[in-house]
Amino acid sequence: MDGVPQPGARTPTGNLPPEPASFIGREPELRLLGQLLRERRLITLTGVGGVGKSRLALRAVADARQARADGVWWVELSPLRDPTLLTATIAHAVGLADHSPRPLDEELCAWMADRELLLVLDTCEHLVSDCRHLAGELLQSAPGLTILITSREPLRCAIEEVVEVRPLPCEGPESDALALFRARALAAAPRAAAVFADPERAAIAAEVCRRLDGIPLALELAGARLRLWTVEQMAERIGERFEMLSEVRVPRPPRHQTMRTTIGWSHELCEPLERLLWARLSVFTGDFDIAAARAVCAGGPLPAARVERVLAGLAAKSVVLRSEERGAGARYRLLDTIREYGHDWLGELGETQLVTDRHAHWYAALSQAADRGWMGPGQVDWYRRITAEHAQLRTALEHLLTADPTAALEMAGNLWFYWFACGHVHEGRAFLERALRLAPRTEVAYNQALWSLGLTMVLQGDMDEARRIGEQCARDAAHLADPERELRAAYLHAASVLMPGDPVRALELSGPRARAAHGGRPTGPGWLLCKLSTSYSLCALERFDEATEEARSLREACAELGERWMRAYADYILAVAALGLGDHGEAARHVRAMLSGKRLLGDRLGIALGLDLLATAVAGLAAAHALAFLDGGLPASTGSRWEAALPTLHWESAPVRPHPDCPCGAASESADRLQPAGRAPGRGSGGSPPGGP
């Protein structure tokens, strides 16, 4: 059908989530959206909660005919509570790694200026003003940009095209509402097929759909109930519920009333422990795993051992959505409308503060465990887990900043690796600055948070401030008599002088003599970071043999630990040193090893640095081959050997341009030349080399 995407059609470039299996109807809306997305630049889908705005948006943009040269990008804003992180959330979703100190909205506008892409901002009703402002800036800066919004209310922009998403048609025996109700009922109870085969009982089911106003979420909740009830019982109980509530004056539009009533009806039909868990789960923003649900929601009549069984009951009733993610196991989430209802009940129970505190301290403890495990064999698993928990970490930090600033300070400092190595520099700096401003000055936690802040400043090129903080960290660490803290401070100080071009001073601060003077564990992060800084400094001084020795020692230490992130940068230094010594084949070998590690950690900036270096190595191999062939000293059959140095790369996000201030002289030009087929050039949001951005 013209204008209606076929199931399974996907845009090749972007980050669209999987489409749900139960999409039914909406052909007229899809035709309209297909046309608007080609003709207009800002479209907003509005409608009551649960009406299917997000599903409709996803089906529309997944049509291959909506593909854009630089991708179709989905930004889930439902978990976002702090409007100051809106730009950072969008930048990370589209793959922009910005390490400059200037405002991120300016960087995002500049990044999008010459790109052609479709951006979907999903669930914006709690951020309407901020989305309106940012959308206006982006559309003015980027003529190739189209934005699709889903929100319960429009942005109220002059150029906005508002499309109201109405409930599914529910009149007649073949209505879309009845089709969705039937699909959900059969998924919950295959024996329900007999209901729809009987014309009289099918008519009762159609009446149920009509009483639910054709609202998809209400239909799905009701359909799941046919596992326990007959359709006649359902019709009777829905009727009683609506008659009772019709006598109460509630200042809500009819469809909002229907949705609220249906959720309330589903709530009443849950077991007492299911209702309790529903309320407590409402503190989660975004998705969560079973371990978090046990830790946060157990207590009183709900023991930890029963949480999983009760959670499964809520999933069977469609109150909770369950999904399986590669590397993350089962994840659960509540739709916004259902979560809001549960949060109201949590307040009625008087448990809001208690459960919110539990949530925050669980994720603070998770951050501490991740910090301890980051330099070990579980590094890749920790990267995946912390990335999966990003929304929860934000929520926990926001709460702790007001409820327990000291705990917020500790948590923000423990996440140093996430801010520094995983592409969240702007967000990390903002959280760290707020925590340092609000929390009392506790010695160890303050030093850790201050050091973490200094790392973000190095990546943003704010070297004067980074140097000042490095010196302060060194003084505080000396007072603490903690060799590990002294080594970390030495690395920060060294990086802040190396980047502006003083490798001699950097070597004095982090070289072998300095490390020996501080002492500390040779396997600790501080010692290893100092070795990496030393390697960079030696390369900058063109002492390539010494740099090779230092980097090889670092690589061996990381390999023994099972660590991958710093080990990959050791390979990077070995490649740079090999190029300096004229061994292009050796350089290419080390770059391939580096790229393998960086892909595991989603380090898009590291990938681009490696691609850039690989281009230099391959060019050198090609030039050597051409010269030897012209001299008659090389058989033509060996001409493709240098091509074997090119790795076969597969990654989820677009490659990136490395920062122009990289101390090893990497430029962005060759990284742009070596784009894989089907990927759009641009900066990504991965981590950065520890010696500099």
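Note that this is a predicted model, so its numbers are computed, not measured.

Examining the packing of aromatic side chains
Applying the stated criterion to the full structure yields 12 aromatic pairs. Ring geometry for Phe284 and Phe288: centres 4.4 Å apart, planes at 25 degrees, overall stacked. The class for Phe288 is buried, based on a relative accessible area of 0%. A ring pair is formed by Tyr418 and Trp419, whose centres lie 5.9 Å apart and whose planes are at 55 degrees; its orientation type is tilted. Note on Tyr418: relative accessible area 1%, which makes it buried. What makes Trp419 buried here is its relative accessible area of 2%. Grouped by ring-pair contacts, the aromatic residues Trp374, Trp416, Phe417, Phe420, Trp451, Trp565 and Tyr569 constitute a single cluster. Sitting above the plane of the Trp229 ring, Arg225 keeps its charged end 5.8 Å from the centroid. The residue whose ring lies beneath Arg488 is Trp451, and the NZ or CZ to ring-centre distance is 5.0 Å.

Things to note about unusual backbone geometry
Positive phi is not limited to glycine here, since Arg26 has a value of about 70 degrees. Summarising the element assignment, Arg26 is placed in the segment before helix H1 (27–39). Phi is positive for Ala481, which is not a glycine, with a value near 55 degrees. Take Ala481: it is sitting in the loop between helix H23 (463–480) and helix H24 (483–498). You can call Ala481 exposed: its relative accessible area is 59%.

Some details on the nonpolar core
Counting residues in each nonpolar core, the largest one holds 196 residues, and the members touching the most others are Met112, Leu119, Phe181, Leu281 and Trp374. When residues in this core are grouped by element, the largest group, 13 residues, is from helix H29 (residues 565–580). Those residues in contact with Phe181 that lie beyond four places of it in its chain are Phe196, Ala205, Val208, Cys209, Leu219, Ala222, Gly223, Leu226 and Met234. Of all hydrophobic cores here, the second largest spans 23 residues; its members include Leu30, Val51, Leu58 and Ala60.

Overview of helix H30 (residues 584–600)
A rise of 1.5 Å per residue sets the reference length of H30, with its 17 residues, at 24 Å; its end C-alpha atoms lie 25 Å apart and thus fit the reference within 8%. Looking at H30, one finds that the buried residues are Ala587, Ala588, His590, Val591, Met594, Leu595, Gly597 and Lys598. Just past H30, the residue Gly602 takes up positive phi, approximately 60 degrees.

Describing the confidence of the model for the protein chain
Averaged over all residues, the pLDDT of the protein chain equals 85, while 85% of them reach at least 70. Within the model, the stretch residues 1–11 combines pLDDT values under 50 with 34 contacts to residues more than four positions away or in other chains. Residue range residues 634–693 is modelled with pLDDT below 50. Its contacts to residues more than four positions away, or to other chains, number 178 contacts.

Side note on the sheet that holds strand E1 (residues 42–46)
Taken together, the five strands give an open sheet; going across it, the order is E2-E3-E4-E1-E5, and neighbouring strands pair in parallel fashion. Whereas interior strands pair on both sides, the edge strands pair on one side only; in this sheet they are strand E2 (72–76) and strand E5 (161–164). If you compare each strand with its neighbour and ignore which way they point, the axes differ by 15 degrees on average. One ladder, built from five bridges, connects E2 with strand E3 (residues 117–122); its direction is parallel. Paired with Trp73 across the two strands is Leu119, which belongs to E3. Sheet strands touched by helix H5 (residues 128–141): E1, E3 and strand E4 (145–150). Its angle to E4, the strand with the most contacts, is close to 160 degrees.

Calculation rules
Residues numbered from 1 in each chain as written. Predicted model: local features only at pLDDT ≥ 70, side-chain atom pairs only at ≥ 80, totals over all residues. Heavy atoms only, no water. Phe/Tyr/Trp six-rings, centres within 6.5 Å; stacked < 30°, edge-to-face > 60°. Buried < 20%, exposed > 50% of the residue type's maximum accessible area, 1.4 Å probe, protein only. Lys NZ or Arg CZ within 6 Å of the ring centre and 35° of its normal. Helix = DSSP H or I, 4+ residues; strand = E, 2+ residues; numbered from the N terminus. Core = buried A, V, L, I, M, F, W, Y, C linked by side-chain atoms within 4.5 Å. Contact = heavy atoms within 4.5 Å. Expected span 1.5 Å × (residues − 1). pLDDT = per-residue confidence, 0-100. Pairing = 2+ DSSP bridges. Axes fitted to C-alpha atoms, helices over the stretch in contact; angles between N-to-C directions.

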